[in-house]
Amino acid sequence: MRGLRLPAWLSGRTLLLFAAGLAVLYAAPLVLSMGDYTHNVMGLTFMFMAAALAWNWLGGYVGQISFGHSAMFGVGGFVAARLALELSLPFWAAWCIGGLVAGIYALLWGHPTLRLRGPYFAIATIGVGEATRLVATYWDEFTGGSSGLSLPIGQGPTKYALYWYGLYLLAGAVALSYWLRRSRIGLGLLAIKEDVEAAGDVGVNATFYQDLVLFLSGTVMGVCGGFYASYQAFIDPQDMFSFDRSIGFILMAVIGGIGTILGPALGAVVFVMIQEFLLATYPQLYLGLYGLLLVLVILFEPLGISGLLLRLGRRLGRRPTPGVAAGGIATSSSAAEGEQQPVLESPRPGQGGAA
Amino acid sequence: MGQALSLAVSAVLLAGFYAAMAYGLGLIYGVLRVVNLAHGGLLMASAYLTWQLFTRFHIDPYLAIPIVLVVFFGAGIAMYKGLVRFLPRGAAGGVQSLLLLFGTWLVLRNVAYLLFSGDDQAVRTSYSTAAVRILGNSFSLNRVVVFVIAVLAMLALHVLLQRTFLGKAIRAVAQNPDSCTLVGIDVERVYALTFGIGAALAGLAGLLASTLFAFNPAFGAEEVLRSFVIIVLGGMGSVVGIALGALVLAFAEVFSIYLVPSYLTSAVGFVLLVVVLVVRPNGLFGRREVA
């Protein structure tokens, strides 16, 4: 072990915490007696955590908010389902190919649109999402149209086994999140987020970096879609490609803390809990609740749960070390972001009313 | 040929409604640099208000215009004072304003859903089925009236921005808020009024929409996308630019039936958006950004 040098973006401590977290979650169902329901929902939660992280690479690290990530989720899901149905590929191969196709699809629309910034990009992604949904709904030879696709019974993994596959997926997404933030690329992405032209001046290839992030984000989204197809054993385009699903990814990231390394994963946990416990009882309130959460988080704590944890840490008089919550939400850079972003501050003189 | 002519007239009529729909979004974006994603929610809310006024109080939709304008002007001011005011300005606020106003839209949708259920509604007046003949083809009377009102709204907005003191202040704030404070313009007040006017225009568009289409709480999503396409095509800011943008979009959509299946019509605008943004980032008719 001593002979191997860890790359600069990875500290030994982080690696240890990561391995420990993985081991605990891996062993948890074997040691504890969880009910079937809890066990299955946890598996699904792992997938949503991975998806939220993947959304965050683009929305948080680069600052390009996507309202259309359900497109890649759906593409991955349907390609994986088709492969399982037609070619009887093993499920993991189907997921991977589905993910790759989704990643390539993301590049296809993303390469031209990613040169747009801010609201332009965000609104273009609404269009991407809607166009993809329409095409998928009407292309019934591939997606089964409005009647959807049922996966072959007994061929894929059981929901019980999917817990661990979900965990691997999450582990992969967490590792990628770390690498994308802490490595040289992460610095490049931050530079792009701050000022794309200045980033270009100091030699950051914005086109390549953004394409790379979108491709990775789309691929992981696609794999998540494949996982979801296996989990539900039935998928239909109206659900897979729905705008609500895209909103869901945004919400997870916003609740957890946009742009932080692990915040979106926490957000996903909260999101699933809201969905499973609150909305099962009051299904007619879900849009309003999502909306209200968005408004409240943006107005009062733009870093979401991560921001709250940072505040709590400071209240307790300690700088959050990298390592809180199974790997750490706080890097020096995200801590600094927290300080720079009091919402109620108006950066321009003369807009006193905003203070 | 006859068919193409009929389609062309149809496109012009549609462009009127599209322009009315885009004014509010364009004005707010031009002055505050905030994309009002709640725009769709305002359209939807206004359609419901018009419908309620018509079914409960038997007020003709077109006579309800002053009521709707006043209500939505107030709603816009309230939205500014209660929400938008707290956002940071400039690039940093872009992402936050999108998410904040998007959240507002979701809340509006949910409220409408709780009040009126998710069923489709429509305003059916005694003249809803009446038709007029233009160039040898029949068109619904409502579409023509909507077109006329949209043109009047364009003129009114143009006069407001170009000929009044408030309009001058709005244009000045759009150009440079800091300098405005130096010459004694209350920037916050102008922002609030602009948001109010933008919301009132969204209200007007929602009223017009309720006479043309059936609507439900989800109404407005495609309209926001279209409005955005229009303000991008029009090069942001100028009222005439928006009208031209609406014309381009309407023609593209109407004539796209020759090329693509009809369910893809709403994707036409998106393709147009991407092409224009990539080829001419300042819009088809924009020079540089002047609001």
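Residues numbered from 1 in each chain as written. Chains lettered and ligands numbered in written order. Predicted model: local features only at pLDDT ≥ 70, side-chain atom pairs only at ≥ 80, totals over all residues.

Observations regarding the overall build of chain B
- In terms of helices and strands, chain B carries eleven helices and two strands.
- Its C-alpha atoms give chain B a radius of gyration of 19 Å, near enough to 19 Å, the size a compact globule of 291 residues would have.
- Dimensions along the principal axes, computed over C-alpha positions, put chain B at roughly 60 × 45 × 35 Å.
- Once local pairs closer than 6 in sequence are excluded, the contacts in chain B between residues at least 24 apart make up 77%. (Helix = DSSP H or I, 4+ residues; strand = E, 2+ residues; numbered from the N terminus. Rg over C-alpha atoms; globule rule 2.2 N^0.38 Å. Contact = placed C-beta atoms within 7 Å.)

A closer look at the overall build of chain A
- For chain A, the count of helices and strands is 17 helices and two strands.
- Considering chain A as a whole, with its 355 residues, one finds that 50% of them fall into the buried category.
- Sequence-distant contacts, at least 24 apart, represent 78% of the contacts inside chain A between residues at least 6 apart. (Buried ≥ 20, exposed ≤ 12 C-beta atoms within 10 Å, placed from the backbone.)

Considerations on the environment of Ala93(A)
- Assignment of secondary structure puts Ala93(A) in helix H4 (residues 91–113).
- Remark: the alpha-carbon pair of Ala93(A) and Ala280(A), spanning 187 residues in sequence, is separated by 34 Å.

With respect to the packing of helix H12 (residues 243–256) of chain A against helix H15 (residues 304–315) of chain A
All names here are of chain A.
- Two elements in contact, H12 and H15, have axes whose closest approach is 3 Å; the angle formed by their N-to-C orientations is 5°. Viewed along their axes, H12 and H15 adopt a mutual orientation that is roughly parallel. Contact with H12, carried on its side by Val254, Ile255 and Gly256, involves Gly304, Ile305 and Ser306 of H15 and no other residues of that element.
- Taken together, the residues of the contact of H12 with H15 break down into three nonpolar, three polar and no charged. (Axes fitted to C-alpha atoms, helices over the stretch in contact; angles between N-to-C directions. Parallel < 35°, antiparallel > 145°, perpendicular 65-115°, else oblique. Nonpolar A, V, L, I, M, F, W, Y, C, P; charged D, E, K, R; others polar.)

Overview of the interface of chain B and chain A
- On the side of chain A, 42 residues touch chain B, which itself brings 41 residues to the contact.
- Going through the elements one at a time, helix H4 (91–116), helix H7 (177–182), helix H8 (187–212), helix H9 (221–233) and helix H11 (265–279) of chain B are the ones with two or more residues in the side of chain B that touches chain A.
- The element best represented in the side of chain B that touches chain A is H4(B), accounting for 18 residues.

Focus: the packing of H9(B) against helix H10 (residues 239–255) of chain B
All names here are of chain B.
- Two elements in contact, H9 and H10, have axes whose closest approach is 7 Å; the angle formed by their N-to-C orientations is 120°. As summarised for this structure, H9 and H10 are arranged oblique, according to the angle between their axes. Crossing hand, H9 versus H10: right-handed. From H9, Arg226, Val229, Ile230, Ile231 and Leu233 reach across to H10, where they touch Ile242, Gly245, Ala246, Val248 and Leu249.
- Per-class residue counts for the contact of H9 with H10 are eight nonpolar, one polar and one charged. (Left-handed = near helix turned anticlockwise from the far one by under 90°.)

Points about the nonpolar core
- If you look at the biggest cluster of nonpolar residues, it comprises 210 residues, and the most contacted ones within it are Ala50(A), Ala51(A), Ala52(A), Cys224(A), Leu294(A), Tyr18(B) and Ala246(B).
- Top contributing element to this core by residue count: helix H1 (residues 2–32) of chain B, with 17 residues.
- Discounting residues that sit within four places of it in the chain, Ala50(A) has contacts with Leu169(A), Leu170(A), Ala173(A), Val220(A) and Cys224(A). (Core = buried A, V, L, I, M, F, W, Y, C linked by C-beta atoms within 7 Å.)

Some words on the confidence of the model for chain B
- Counting all residues, the mean pLDDT for chain B is 86, and 93% of those residues have values of 70 or more.
- In the model output, the complex is listed with pTM 0.82 alongside ipTM 0.83. (pLDDT = per-residue confidence, 0-100.)

Notes on H12(A)
All names here are of chain A.
- For H12, which comprises 14 residues, the first-to-last C-alpha distance of 20 Å matches the rise-based estimate of 20 Å (1.5 Å per residue) to within 8%.
- In terms of burial, H12 is a largely internal element, twelve of the 14 residues being buried.
- Residues Arg245, Ser246, Ile247, Gly248, Phe249, Ile250, Leu251, Met252, Ala253, Val254, Ile255 and Gly256 constitute the buried set of H12.
- One or two positions beyond H12, positive phi appears at Gly257, with a value near 125°. (Expected span 1.5 Å × (residues − 1).)

Quick notes on unusual backbone geometry
Residues and elements named next belong to chain B.
- Although it is not a glycine, Arg33 sits at a positive phi angle of roughly 60°.
- For Arg33, a count of 20 C-beta atoms within 10 Å corresponds to the buried category.
- Backbone geometry at Ser117 places phi at a positive 65°, although glycine is not the residue there.
- Residue position: Ser117 is located in the loop between H4 and strand E1 (131–134).
- The exposure class of Ser117 is exposed, given the 12 C-beta atoms found within 10 Å.

Here's the deal with the pairing of E1(B)
Residues and elements named next belong to chain B.
- Pairing geometry for E1 and strand E2 (residues 137–140), over four bridges, is antiparallel. Each residue of the ladder has a partner; that of Arg133, found in E2, is Ser138.
- Here E1 hands over to E2 after two residues, with Leu135 in that stretch at a positive phi of 50°. (Pairing = 2+ DSSP bridges.)

Digging into helix H6 (residues 165–175) of chain B
Residue and element names in this part refer to chain B.
- Residues of H6 that are buried include every one of Ile170, Val173 and Ala174, and no others. Buried residues of H6, seen end-on, are gathered within an arc of 100° and therefore sit on one face of the element.
- Summarising the contacts, the buried residues of H6 are in contact with H1, helix H5 (141–163), H7 and H8. (Arc of directions from axis to C-beta.)

What to know about the confidence of the model for chain A
- With 87% of its residues at a pLDDT of 70 or more, chain A shows a mean pLDDT of 80.
- The element-level mean pLDDT for chain A is lowest in helix H16 (residues 324–327) of chain A, coming to 33, with helix H10 (residues 206–232) of chain A highest at 92.

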